[in-house]
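# A closer look at the structure
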There are 2 protein chains.
Amino acid sequence: MTSFHAIKAAADRLKGHSRLTPLLSSPFLDEIAGRQVLVKAECLQHTGSFKFRGGWSALSALPAEQRTRGVLAYSSGNHAQGVAAAAAAHDTPVVILMPEDAPAIKIANTRALGAEVVLFNRATDNRDAIGAELAEGRGLTLIKPYDEAEVIAGQGTVGLEIAFQAKDLGVTEADVLVCCGGGGLTAGIALALEQDAPQMCVHPCEPEHFDDVTRSLASGKICHNISTAGSICDAILTPAPGEITFPILSRLCGPGIVVTENEALHAMALAFLRLRIVLEPGGAVALAAALFHADQLDGPTSIAVATGGNVDATVFTEALRRFG
Amino acid sequence: MTSFHAIKAAADRLKGHSRLTPLLSSPFLDEIAGRQVLVKAECLQHTGSFKFRGGWSALSALPAEQRTRGVLAYSSGNHAQGVAAAAAAHDTPVVILMPEDAPAIKIANTRALGAEVVLFNRATDNRDAIGAELAEGRGLTLIKPYDEAEVIAGQGTVGLEIAFQAKDLGVTEADVLVCCGGGGLTAGIALALEQDAPQMCVHPCEPEHFDDVTRSLASGKICHNISTAGSICDAILTPAPGEITFPILSRLCGPGIVVTENEALHAMALAFLRLRIVLEPGGAVALAAALFHADQLDGPTSIAVATGGNVDATVFTEALRRFG
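Residues numbered from 1 in each chain as written. Chains lettered and ligands numbered in written order. Predicted model: local features only at pLDDT ≥ 70, side-chain atom pairs only at ≥ 80, totals over all residues. Heavy atoms only, no water.

## Some thoughts on the overall build of chain A
- Each helix and strand counted, chain A has 14 helices and 10 strands in total.
- A compact globule built from 324 residues would reach a C-alpha radius of gyration of about 20 Å, and chain A, at 18 Å, matches this within 12%.
- Buried residues in chain A amount to 62% of all 324 residues.
- The contacts of chain A with a sequence gap of at least 6 include a subset with a gap of at least 24, amounting to 73%.
- Total accessible area on chain A is roughly 12100 Å²; 51% of this is exposed by carbon and sulfur atoms.
- Taken as two groups, the 24 positive and 35 negative side-chain charges of chain A have centres that lie 4 Å from each other. (Helix = DSSP H or I, 4+ residues; strand = E, 2+ residues; numbered from the N terminus. Rg over C-alpha atoms; globule rule 2.2 N^0.38 Å. Buried < 20%, exposed > 50% of the residue type's maximum accessible area, 1.4 Å probe, protein only. Contact = heavy atoms within 4.5 Å. Areas by Shrake-Rupley, 256 points an atom, 1.4 Å probe, with all protein chains shown as cover. Lys, Arg positive; Asp, Glu negative; His and termini not counted. Charge placed at Lys NZ, Arg CZ, Asp CG, Glu CD.)

## Remarks on the pairing of strand 7 (residues 174-179) of chain B
All names here are of chain B.
- Among the 6 residues in strand 7, 6 count as buried, and that is most of the element.
- The parallel pair strand 7 and strand 8 (residues 200-207), bridged by helix 9 (residues 184-196), forms a crossover whose chirality is right-handed.
- Judged from the 4 bridges that link them, strand 7 and strand 10 (residues 301-306) form a sheet pairing that is parallel. By the bridge assignment, D175 is partnered in strand 10 with S302. (Right-handed = clockwise from strand over helix to strand, strands pointing away. Pairing = 2+ DSSP bridges.)

## Some remarks on the side chain of E161 of chain A
Residue and element names in this part refer to chain A.
- Among the structural elements, E161 can be located in helix 8 (residues 149-168).
- Given the relative accessible area of 10%, E161 is considered buried.
- In contact with E161, not counting residues within four places along its chain, are R19, L20, T21, K40 and R53.

## Quick word on the UniProt feature "domain: Tryptophan synthase beta chain-like PALP" (unreviewed entry) in chain A
- The sites that UniProt annotates as "domain: Tryptophan synthase beta chain-like PALP" (unreviewed entry) are residues 17-308 of chain A.
- Between the C-alpha atoms that bound residues 17-308 of chain A the distance is 18 Å, and the span itself is 44% helix and 16% strand. (UniProt positions renumbered as here; feature names shortened; annotations may be inferred.)

## Topic: the pairing of strand 8 of chain B
Residues and elements named next belong to chain B.
- Taking burial as the measure, the 8 residues of strand 8 include 7 buried ones, the bulk of the element.
- The pairing of strand 7 with strand 8 spans 6 bridges and is parallel. Note that in strand 8 the partner of V176 across the bridge is V202.
- As defined by bridge partners, strand 8 adjoins strand 9 (residues 257-259) across 3 bridges and the pair is classed as parallel. Residue pairing across strands places E206 opposite V258, the latter belonging to strand 9.

## Description of the relation of the copies chain B and chain A
- Superposition of chain B onto chain A requires a rotation of 180° combined with a translation of 0.0 Å along the rotation axis, giving an RMSD of 0.0 Å. On this basis, the relationship between the two copies can be described by a two-fold rotation axis. Considering only C-alpha atoms, the residue of chain B closest to the rotation axis is I277 of chain B, which sits at 2.3 Å.
- Most of the interface of chain B is mirrored in chain A, where 100% of its interface residues are also at the interface. (Least-squares fit on C-alpha atoms with pLDDT ≥ 70 in both.)

## Description of the sheet that holds strand 4 (residues 94-99) of chain A
Residue and element names in this part refer to chain A.
- With parallel pairing, 4 strands are arranged side by side in an open sheet as 5-4-3-6. The open sheet has two free edges, formed respectively by strand 5 (116-120) and strand 6 (141-142), since each of these has just one partner strand.
- Across the sheet, helix 5 (residues 78-89) lies against strand 3 (71-74) and strand 4, angled at about 165° from strand 3, the strand it touches most.
- Taken strand by strand, helix 6 (residues 104-112) contacts strand 4 and strand 5, and its axis lies near 175° from that of strand 4. (Axes fitted to C-alpha atoms, helices over the stretch in contact; angles between N-to-C directions.)

## Things to note about the packing of aromatic side chains
- Tallying each qualifying case throughout the model produces 7 aromatic pairs over all chains.
- Between the aromatic rings of F52 of chain A and W56 of chain A, the centroid separation amounts to 5.6 Å while the plane-to-plane angle is 45°, which identifies the pairing as tilted. Placement of both F52 of chain A and W56 of chain A in helix 3 (residues 51-61) is noted, with a separation of 4 residues, approximately one turn of the helix. Each member of the pair, F52 of chain A as well as W56 of chain A, carries the same accessibility label: buried.
- Measuring from centroid to centroid gives 6.1 Å for F272 of chain B and F316 of chain B, while their planes differ by 70°, and the two rings are edge-to-face. (Phe/Tyr/Trp six-rings, centres within 6.5 Å; stacked < 30°, edge-to-face > 60°.)

## Here we look at the packing of helix 10 (residues 212-219) of chain B against helix 11 (residues 245-252) of chain B
Residues and elements named next belong to chain B.
- The interhelical angle for the contact between helix 10 and helix 11, taken along N-to-C directions, is 60°, at an axis separation of 10 Å. Of the possible angle classes, the one that applies to helix 10 and helix 11 is oblique. Along this stretch, helix 10 crosses helix 11, giving a crossing that reads as right-handed. Contacts between helix 10 and helix 11 involve V213, S216 and L217 on the former and, on the latter, F246, L249 and S250.
- Of the residues assigned to the contact of helix 10 with helix 11, the class counts are 4 nonpolar, 2 polar and no charged. (Parallel < 35°, antiparallel > 145°, perpendicular 65-115°, else oblique. Left-handed = near helix turned anticlockwise from the far one by under 90°. Nonpolar A, V, L, I, M, F, W, Y, C, P; charged D, E, K, R; others polar.)

Structure representation (structure tokens):
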């Protein structure tokens, strides 16, 4: 299991490579929430999401000989970009397995970051079988998106930064709201704060109809989503909390918070207007919880992790059209 | 004249109050420019622009007794917000003189920041006479937007940060591109870098048809713009470089760079896509110069100051529609 020690070790490996992203605020957001709101802007991380941290952490933790053979990831989104950029910086061969119907721009960007992209057909190919064959044949190491100790450790460095950045502002007691898919980031932050800011309470935040973590925490056992498609919050749609992440979430987190798609879009428009940052819908879920679900929170301060900003112009424009 | 010492003193007064804004980058922007591009994201500063620094610096430099009586600023834009927020934090009364045809949202925002807004009619009122009467009658101190030593000192703290943040990345030799109106920020940065990063060369950047600083530098004497309206880059339209700023610019800066409105809009769209920050047109001029005018630059690295992000959704959407 990932430990606080592993998070500190990941922070050492990330030093000088990941960005210390700012903790932003606006009196206009405080007024909406009825309390102080701080926003950890991980959309400003390399490749536009916190995933760079986990990718770097996992890669840099590999024995050099194993790393030299290369790594593999399945993703059409932020995890792919994060692993690809981290691998390029380590001069490590990287294969990203992507569905052939992924947006052309995402495929092009992943290639531009130096990755070899292998496409598969969602309907007719078995992704895991293709991955296993590639891994075995070429000696690649699979880097899973969340249920992997060193990935969780890397994401946990966000929590270390939240603790000391908040303390600099005089904040030690807070609700920490985290956009949650499989729970790697949420678990990592919760482990970091357990040591460095024990008066902070972490809440996973999810889009409606994809609230597997909220239900799992409420029931005490892993619950699944019926689908992993059909929300604009595509970055955080996963089937269920992970085998490694769930026990951590269960031990350390407060109740989950569920927001609507419209609340996520509204939070994107407010982040544009008041913080001047670009959020994708899945990256705005925690801010939406802070702004529109304050009745479910107790603390004097809400710290929302803005997890990613990789969004198409059309989706962003729609958020501004509805709520700008 | 503002000195390096005054900038360091302003930095001490700003410590814990202004944000250390990040120095961002993207391999995709490097590729467009054909060299390394770093972006100092002052759009993430309090109130969405660097103006907060100058406002805070000027206010905090006043004798307490004078500050208590209050301050006055003329502006419908970023300077007004910066001074208003700095004054609120100092518990100082602040009057902002704004044209009555200013956008309602800007008037509302300035009031929400705690300022008393006095409206005047551009056609029939004499702004300076109203301001002088207010200042005399109520003992208010006028804080000018750029031609004021402590304002320049405050803006110069951006230069101190650029020097040490770039050094952390191994960069000591660079062209530093600054969106330039009256020259307060550009002068302050140039003074800071003269001491802290002498191998960096500052270039003022302006929109076409409003290139007073570029022409002034080329001719060696202050030149005026024909108009101060009619560009989407409204944040940086001023009649001419200042009496205090011009000698500094003249002594320390390289040639100015002039960009088109379309280049500024294109830079906004690329900042959205590659850096996940929101820029206003006037705040994107330096990035446009870095990306599209690299042929006018010598250094291995271009550092563009992204000065502000206060932009209407309609203008932002138009940038994405054309270039997203």
